[in-house]
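# Chains, contacts and geometry: an overview
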Amino acid sequence: MHVIRNNSLTGGGLLTVVRKEFADHLTNRTSLVLAVLLLVVCVLPFQQGLAGYRYAQEAYADPVIDEWGFHEPMLGLPNAADVYFPLPEAISTAGAILAIAMGFDLVSRERQTGSLKMLLVRPIFRDEVITGKALGGLLALTAIIAAGIAASVAVLLLEGIVPGPDDLVSILLFSLATVAFLAFYFGLALAISTVVPRTGKAFLYALIAFFIFSAVIPAVGEVTKDTFAGAHPLPGASPSEREEHQARLDLIESVVTVFSPQWNYKLVAASALEPRLTAYSFLGGSWVFLPDDGSTRPMDALAWFWQNALVLFLAPLALFVLAYIAFQRMDVR
């Protein structure tokens, strides 16, 4: 027998769940406290970005003369988007914890208290419930990031820093990358909450997953670098040996970065804020930039790292699909 849905009822059911979850996230004390803490954690990196902008601005206007009477290399005119460059490091940890806290008990809490059973007897379909929870949380995370970005732009204007069109595009791309990164850990917590019936265990498993992605995988990359790539070639090594060593390092770097949400996010966010970025090695700690000739645009750097951007935006979708399938198969009796 086929179930016939009323389109108006179905849409209304989904919107009802989305509105409820969105309101719950923005009124929940834990979520609000963590959101405020995220903004506070970002204050210091943002101030460091402002200080760096001022220094670059002064160095561009009045190059410093060193002790031998030579001018220091003149820095390029700074961009307003440069102020945000230190932020991904702070967001990669504090933001992930916020997203996990918002998602780890969305299903397990209602399942544990029995309210999920009451919800499903109403004229709301299962797919609307899980989709509404996912969309409500995603909208709440987007609202938090949008509020922080709006406040930061207001600070820039008060400081006399007016973002240009390219700066605004860079800041927008950075914001989208941040939302995608938070959506990954929110989707991860939601999927775990769907599979694990107890909130305490769901939170523990989410933290273990966070530890694996943020610490274990990068550590494995470091060990793999030393064992697989081998020692750095000696000064007398041939160019072919150096090229082979660098190729092995690049392969390890690309694999580890894709499987580490933190590294992947930092790479995409950095490339969004700095269009001249062409290479960024976490294992080697090196950066490669194009000359500052003013010809690069915000989308240029993303073209170098489109695979990373694709993974960053598709990974949350994959986690939602897992949560969706698990919720559809869940026995709530």
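Refer to the preceding data block for the structure.
What you are looking at is a predicted structure, and each value in this text was computed from that prediction instead of being measured. Here, residues in each chain are numbered from 1, in the same order as that chain's written sequence. Two thresholds apply to this predicted model, a pLDDT of at least 70 for residue-level local features and 80 or more for giving and counting side-chain atom pairs, whereas whole-chain, interface and lining totals are computed over all residues. Think of the side-chain values as coming from all heavy atoms in the structure, minus any hydrogens and water.

## Side note on the overall build of the protein chain
Note the threshold: A run of DSSP states H or I qualifies as a helix once it reaches four residues; a run of E qualifies as a strand once it reaches two. Both are numbered from the N-terminal end. Any residue under 20% of the maximum accessible area for its type is buried, any over 50% is exposed, and the rest in between are partly exposed; the area is computed with a 1.4 Å probe on protein chains only. Note on definitions: a residue-residue contact is assigned when non-hydrogen atoms from the two residues lie within 4.5 Å. Residue burial considers only the protein chains on display, and all accessible areas are found by Shrake-Rupley using a 1.4 Å probe.
The helix and strand tally for the protein chain stands at 12 helices and two strands. Starting at the N terminus and walking to the C terminus, you meet the elements of the protein chain as α-α-α-α-α-α-α-α-α-α-β-β-α-α. Within the span of the protein chain, comprising 333 residues, buried residues form 44% of the whole. Residue pairs at least 24 apart in sequence account for 78% of intrachain contacts in the protein chain once pairs closer than 6 positions are excluded. Summing over all exposed atoms, the protein chain offers an accessible surface of approximately 17900 Å²; the carbon and sulfur share of this is 68%.

## As for helix H3 (residues 87-103)
The line we're drawing: To estimate how far a helix should extend, the number of its residues minus one is multiplied by 1.5 Å. In this analysis the local bend is the angle between axes fitted, respectively, to the seven residues ending at and the seven residues starting at the residue.
Taking 1.5 Å per residue as the helical rise, H3 with its 17 residues ought to reach 24 Å, and the 23 Å between its terminal C-alpha atoms agrees with that figure. Where H3 bends most, the angle comes to about 30°, and this point is Thr 93. Most of H3 is tucked away: 14 of the 17 residues are buried.

## What to know about helix H12 (residues 306-328)
Since the α-helix advances by 3.6 residues per turn, residues separated by three or four positions end up pointing in the same direction. If you check H12, its first and last C-alpha atoms are 33 Å apart, about what 23 residues at 1.5 Å a residue would give, namely 33 Å. In the structure, H12 departs most strongly from a straight axis at Leu 314, where the bend amounts to approximately 30° and where the proline Pro 316 lies between one and four residues downstream. Those residues of H12 that sit buried are Asn 308, Ala 309, Leu 312, Pro 316, Leu 319, Ala 323 and Phe 327.

## Some words on the pattern of salt bridges
Using the following cut-off: Salt bridge, as applied in this entry: a Lys or Arg side-chain nitrogen positioned within 4 Å of an Asp or Glu carboxyl oxygen.
The final tally for this structure, using the stated rule, is eight salt bridges. As a salt-bridge pair, Asp 166 and Arg 297 come within 3.4 Å of each other at their nearest N and O atoms. Residue Asp 166 is found in helix H7 (residues 165-195), and its partner Arg 297 is found in the loop between strand S2 (286-289) and helix H11 (298-304); the two are separated by 131 residues along the sequence. When its relative accessible area of 33% is taken as the criterion, Asp 166 is described as partly exposed.

## Here's the deal with the environment of Val 17
Its place among the elements puts Val 17 in helix H1 (residues 7-27). Val 17 sits in the buried class, given a relative accessible area of 7%. Residues Val 17 and Gly 136 lie 119 residues apart in sequence; the distance between their C-alpha atoms is 7.6 Å. Those residues in contact with Val 17 that lie beyond four places of it in its chain are Ile 124, Glu 128, Val 129, Gly 132 and Lys 133.

The values are spatial; any link to function lies outside them.
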